[in-house]
Amino acid sequence: GSLEVQSSITGTAAARKERKGRLNFNADNTAGSGYTGNITVNEGELYVSHVNALGTITGNSTTVNAGAAVVLNLTGTRKRSPPGEIKMGVGSVERV
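Not measured: the values here are computed from a predicted model. (Residues numbered from 1 in each chain as written. Predicted model: local features only at pLDDT ≥ 70, side-chain atom pairs only at ≥ 80, totals over all residues. Heavy atoms only, no water.)

K.L.:
Any chance you could explain the pattern of salt bridges here in plain terms?
P.N.:
Side-chain pairs of opposite charge can arise where the charged atoms are in close proximity. Per the counting criterion, the structure on display carries two salt bridges. The closest approach of N and O atoms between E18 and R16, which form a salt bridge, is 2.7 Å. Judged by its relative accessible area of 38%, E18 falls in the partly exposed class. You can call R16 exposed: its relative accessible area is 62%. The residue E45 makes a salt bridge to R22 at a minimum N-O spacing of 2.9 Å. Of the two residues, E45 is situated in strand β5 (residues 44–48) and R22 in strand β3 (residues 22–25); the sequence distance between them amounts to 23 residues. On the basis of relative accessible area, R22 is assigned to the partly exposed category, the value being 31%. (Salt bridge = Lys/Arg side-chain N within 4 Å of Asp/Glu carboxyl O. Buried < 20%, exposed > 50% of the residue type's maximum accessible area, 1.4 Å probe, protein only. Helix = DSSP H or I, 4+ residues; strand = E, 2+ residues; numbered from the N terminus.)

K.L.:
I'm lost on the side chain of S49 in this one. Help?
P.N.:
Along the polypeptide, S49 turns up in the loop between β5 and β6 (61–64). Exposure remark for S49: the relative accessible area of 14% places this residue in the buried category. Within polar-contact distance, the side chain of S49 engages the side chain of N26 at 2.6 Å. With near-sequence residues (within four places) excluded, S49 lies in contact with F25, N26, N73, L74 and T75. (Polar contact = N/O pair within 3.5 Å; in protein donor to acceptor, adjacent residues only side chain to side chain. Contact = heavy atoms within 4.5 Å.)

K.L.:
I tried to follow the pairing of strand β7 (residues 68–72) on my own but got confused; where do I start?
P.N.:
Note on strand geometry: in a regular strand, side chains alternate between the two faces of the sheet. The element β7 is largely enclosed, with a buried count of five among its five residues. Of the two faces of β7, the one holding A68, V70 and L72 and the one holding A69 and V71 are both buried throughout. Relative to β7, β5 is paired through five bridges, and the arrangement is parallel. Among the inter-strand pairings, Y47 is bridged to a residue of β7, identified as V71. (Pairing = 2+ DSSP bridges.)

K.L.:
Would you take a moment to explain the side chain of N24 for this structure?
P.N.:
Relative to the elements of secondary structure, N24 occurs in strand β3. Once residues within four sequence positions are removed from consideration, N24 is found in contact with L3, E4, V5 and Y47.

K.L.:
What am I meant to see in the pairing of β3 here?
P.N.:
As paired elements, strand β1 (residues 2–5) and β3 share four bridges and run parallel to each other. What sits directly across from L3, in β3, is L23. Of the strand pairs in this sheet, β3 and β5 are connected by four bridges, and their pairing is parallel. From the neighbouring strand, R22 faces β5, where its bridge partner is E45.

Structure follows, in C-alpha cells:
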C-alpha cells in the first residue's frame, strides 16, 4: 500500500519510513519555518515529487538503509538552501 502526504510538514522531529509500501512526499516543505528533521527510510520506498519535499536546512539528512529506496521525481523550484544530504546504506536512489 501507499500513503500520500500532500500538505506541508513543519517542525524538527525525525521522520522514519518502516515496512513495505510507498510513502509519498508531494508538498513544498519549506513553508514557514519548514521541515528541518532527519528522514530515515528503513524499508519500502520514499517517493519524493517536489524539489522542496525533504525540508529546508542544510545539515538535515535522508538516510536510505538496506531494503529501502528513495525515488526522486521532482517538480517545482528550489527556494532555499540545499536539502542536506542523502546517506546511503545499501539502499537505492532513483531519479525518474
